[in-house]
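Examining the three-dimensional arrangement
The residues making up each chain are set out below.
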Amino acid sequence: HMFGQVHQISRLVFIDRRLIISGSQDGNLVIWSARSKGVKKVLKGHDSSITALTLNSDRDLLVSASHDGNMRIWNLHSFTSRKSLGNPCAVKALKILNDDATLVSGDSQGGITVWNLNTAATVKSFDAHHGEVTSLSLLGRSRL
């Protein structure tokens, strides 16, 4: 039995066969050891439910999003948040592009925003749908 997350788990990502990251409704991220089934680290930085998680290609950078529109960029070597991004509404989907410097977010009001991960600046923003954007996929080399 695994303990460490009191609230309902809302998102999961697998880093490799050794680590699992779960995000929950209390806004916490828990890094789990898949081998020992124990908690390795709890990351605190969100005030509302985790709504999306994405990893870069090297799997050493995590971006988490919450219902309040806050996004955090986490270094998975030091388990610290190096930057925060703000969206005006709930972020429902995240994807880091192949260049590992560009993040795309989809939100509850149908918006899609392209972010520069190094500067935390908005590159492009547009209304894409009438409903919420709940998933993002990459096609081909996916350069914007």
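Preceding block: the structure.
The structure reproduced in this document is the subject of the present report. Keep in mind the model is a prediction, meaning the values are calculated, not measured. (Residues numbered from 1 in each chain as written. Predicted model: local features only at pLDDT ≥ 70, side-chain atom pairs only at ≥ 80, totals over all residues. Heavy atoms only, no water.)

Before going further, it helps to spend a moment on the overall build of the protein. Within the protein one finds zero helices and 12 strands. In the protein, the succession of α and β elements from N to C terminus is β-β-β-β-β-β-β-β-β-β-β-β. The C-alpha atoms of the protein give 15 Å as radius of gyration, which agrees with the globular expectation for 144 residues (15 Å, within 12%). Dimensions along the principal axes, computed over C-alpha positions, put the protein at roughly 45 × 30 × 25 Å. Across the 144 residues that make up the protein, the buried fraction comes to 47%. Look at the contacts in the protein between residues 6 or more apart in sequence, and 35% of them connect residues 24 or more apart. Approximately 8000 Å² of the protein is accessible, and the part contributed by carbon and sulfur atoms is 47%. Put simply, the protein has 17 plus and 11 minus side-chain charges, and the middle of one group is 8 Å from the middle of the other. (Helix = DSSP H or I, 4+ residues; strand = E, 2+ residues; numbered from the N terminus. Rg over C-alpha atoms; globule rule 2.2 N^0.38 Å. Buried < 20%, exposed > 50% of the residue type's maximum accessible area, 1.4 Å probe, protein only. Contact = heavy atoms within 4.5 Å. Areas by Shrake-Rupley, 256 points an atom, 1.4 Å probe, with all protein chains shown as cover. Lys, Arg positive; Asp, Glu negative; His and termini not counted. Charge placed at Lys NZ, Arg CZ, Asp CG, Glu CD.)

Another aspect to go through is the pairing of strand β12 (residues 121-127). Across six bridges, the pairing between strand β11 (residues 111-116) and β12 is antiparallel. Within β12, the position partnered with G111 by the bridge is D127. Connecting the antiparallel pair β11 and β12 is a turn made up of four residues, with A120 showing a positive phi of about 65 degrees. (Pairing = 2+ DSSP bridges.)

Okay, the nonpolar core next. One finds I21, L29, I31, L53, L62 and L76 to be the most contacted residues of the largest nonpolar core, which totals 14 residues. Mapped by element, the contributors of at least two residues to this core are β2 (19-24), β3 (29-33) and β5 (50-55). Sorting elements by how many residues they give to this core places β5 first, with three residues. Once residues within four sequence positions are removed from consideration, L76 is found in contact with I15, I21, I31, L55, R59, D60, L61 and L62. (Core = buried A, V, L, I, M, F, W, Y, C linked by side-chain atoms within 4.5 Å.)

Position of K95 relative to the elements: it lies in strand β9 (residues 91-96). Residue K95 is classed as partly exposed on the basis of its relative accessible area, which comes to 29%. Those residues in contact with K95 that sit more than four places away from it in its chain are T54, T102, L103, V104, L136 and L138.

A sheet is described by the order of its strands in space; here four strands give the open sequence β1-β2-β3-β4, paired in antiparallel fashion. A single partner strand is all that each edge strand has here, and the edge strands are β1 (9-14) and β4 (39-43). When strand polarity is set aside, the average angle formed by the axes of neighbouring strands in this sheet is 20 degrees. In this structure, β3 lies alongside β4, joined through four bridges in antiparallel fashion. In the sheet register, L29 faces β4, and the bridge partner there is L43. (Axes fitted to C-alpha atoms, helices over the stretch in contact; angles between N-to-C directions.)

Sheet strands line up and pair through hydrogen bonds in the backbone, either parallel or antiparallel. On the basis of which strands lie adjacent, the open sheet formed by four strands has the order β9-β10-β11-β12 and antiparallel pairing. Each edge of the open sheet is held by one strand with a lone partner, namely β9 and β12. Adjacent strand axes in the sheet meet at a mean angle of 20 degrees when their direction is disregarded.

Our next topic: the side chain of S22. Relative to the elements of secondary structure, S22 occurs in strand β2. The buried category is assigned to S22, whose relative accessible area is 0%.

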